[in-house]
Number of protein chains: 2
Amino acid sequence: MNKRQIQKKKTRELILQVAKKEFIKKGFLDTTTSEISKKAEIAHGTLFLHFKNKETLIIEILDKELESINTNIFKLISKDYNLERLLSQYLNLLQKEEDLFVVLARELPFYSDKLRRKILFRDSIIRNHFHKAIESGIKEKRYRDIDVTSAIIFLFGTINYYLSLKPIFVKEGSVIKKFKSSIIKTFKKLIL
Amino acid sequence: MNKRQIQKKKTRELILQVAKKEFIKKGFLDTTTSEISKKAEIAHGTLFLHFKNKETLIIEILDKELESINTNIFKLISKDYNLERLLSQYLNLLQKEEDLFVVLARELPFYSDKLRRKILFRDSIIRNHFHKAIESGIKEKRYRDIDVTSAIIFLFGTINYYLSLKPIFVKEGSVIKKFKSSIIKTFKKLIL
DNA sequence: CCCCTCAATGAGCAATCAGTCACCGAGTTA
DNA sequence: TAACTCGGTGACTGATTGCTCATTGAGGGG
């Protein structure tokens, strides 16, 4: 890599880093591209040299996190199907990038079809991990014979609710952390 | 009321009616005021003669529905605290104006503080009805000794999830109707 | 019949932003 | 060192949209 290529990569990474910070602070929709370029101390046009448009930017940022969660959950589920550990680990992963997922939970309905589908696809893969874990538990008679899909929607609906209304549930710090044990406890009550 | 006053009231009601239809069709944020005035066949300025701004418009529309649900639930809870009937009735009320609540579920995080607070206040009153119903059931040993708040968030989170992602769960018709029995069944499993 | 009131009008304002493009100059190559 | 490449620049464009205000004319009071 010569000087030019190094500089290009640096600029690209700078944009991603600044954009992520801004998206978390103000949400995707309320963050302007000129704000990102100003904070990154680059020209407005430079941003569009590296990313076709604003949406491509957030796709790259979100995709990295969702991919990472997916990989981690998959690794865990390959070792054992213990639902409680799976849920606990999933909540830990969410917590790590909580503020980004807060933005996601709040704004998802407003994204373009393409972006929404991409995100919901990843989401559905993770939901599927839970599905398998519960079904496996039912077969081994460890859990109640319940409507698995409903139980999962109850779970993801709750998490989404906490995330999208975070400021109501918690003044500062993590919502996921605050309600983690309660979420796990309630979910266990539902399936055990 | 003379001719003038009658006409004024008529215009106001026409605006409300057209606006509601448009908000349901395209959401609050994507509906433009000029669209509403065009569909209502009035001048753009007339809209602002009757409503200070776009937000005042949706406040009036939403407030009427929320007030109505609240009154209905309150009446029901005054007669008896049976949780299953309460939940069933609540879902019926939501279903009646489902598409308006879909808009609400999707866009709530984007409304102004004032509007959000107003809506969440009403919501919290309704949640409170459920709280009382469950607590009363626990005292009479009809339900499990559970974390009532968590159970309610599980419930409202689920309903919100179904509403905000309606197009994913149902191609046409009512999501609430489709999942009503499943919601009630799952919730009963949680508390019984 | 005249004058005043006021609901209604709609062209236009002001502000916001995503994205473009002609140009620049540092870095690379021969 | 001359010629070329290409990453970077930022003023500008075009589209959108909530809201205003000078003006109009129908309705109502005296």
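As the structure is a prediction and not an experimental result, all values here were calculated from the model.

Conventions and cut-offs
Residues numbered from 1 in each chain as written. Chains lettered and ligands numbered in written order. Predicted model: local features only at pLDDT ≥ 70, side-chain atom pairs only at ≥ 80, totals over all residues. Heavy atoms only, no water. Helix = DSSP H or I, 4+ residues; strand = E, 2+ residues; numbered from the N terminus. Expected span 1.5 Å × (residues − 1). Buried < 20%, exposed > 50% of the residue type's maximum accessible area, 1.4 Å probe, protein only. Domains from an automatic or database assignment. Contact = heavy atoms within 4.5 Å. Buried area = accessible area lost by both parts, 1.4 Å probe. Salt bridge = Lys/Arg side-chain N within 4 Å of Asp/Glu carboxyl O. Nonpolar A, V, L, I, M, F, W, Y, C, P; charged D, E, K, R; others polar.

1. Digging into the environment of B:Arg117
Line of reasoning, step 1. For B:Arg117, the location among the structural elements is in helix H7 (residues 113–139).
Line of reasoning, step 2. Residues B:Arg117 and B:Lys64, 53 residues apart in the sequence, show an inter-C-alpha distance of 16 Å.

2. Quick word on helix H4 (residues 54–79) of chain A
Line of reasoning, step 1. Between its first and last C-alpha atoms H4(A) spans 39 Å; for 26 residues at 1.5 Å apiece the expected length is 38 Å, and the two agree.
Line of reasoning, step 2. For H4(A), the set of buried residues is A:Leu57, A:Ile58, A:Ile59, A:Ile61, A:Leu62, A:Glu65, A:Leu66, A:Ile69, A:Asn70, A:Ile73, A:Leu76 and A:Ile77.

3. A look at the domain arrangement of chain A
All names here are of chain A.
Line of reasoning, step 1. The domain boundaries assigned to chain A delineate domain 1 (1–51) and domain 2 (58–191).
Line of reasoning, step 2. Each of domain 1 and domain 2 has a C-alpha centre, and these two points are 29 Å apart.
Line of reasoning, step 3. Listed by partner, the interface residues are 10 residues for domain 1 and 11 residues for domain 2.
Line of reasoning, step 4. Together, the buried faces of domain 1 and domain 2 total about 970 Å²; carbon and sulfur atoms form 72% of this surface.
Line of reasoning, step 5. Area buried by domain 1 at its contact with domain 2 is led by Lys20, Ile24 and Phe28, which between them contribute 49% of it.
Line of reasoning, step 6. Counting the contacts that link domain 1 with domain 2 gives three salt bridges.
Line of reasoning, step 7. The partner of Glu60 in a salt bridge is Arg12, with the nearest N and O atoms 2.5 Å apart.
Line of reasoning, step 8. A breakdown of the residues in the side of domain 1 that touches domain 2 according to their chemical character gives seven nonpolar, one polar and two charged.

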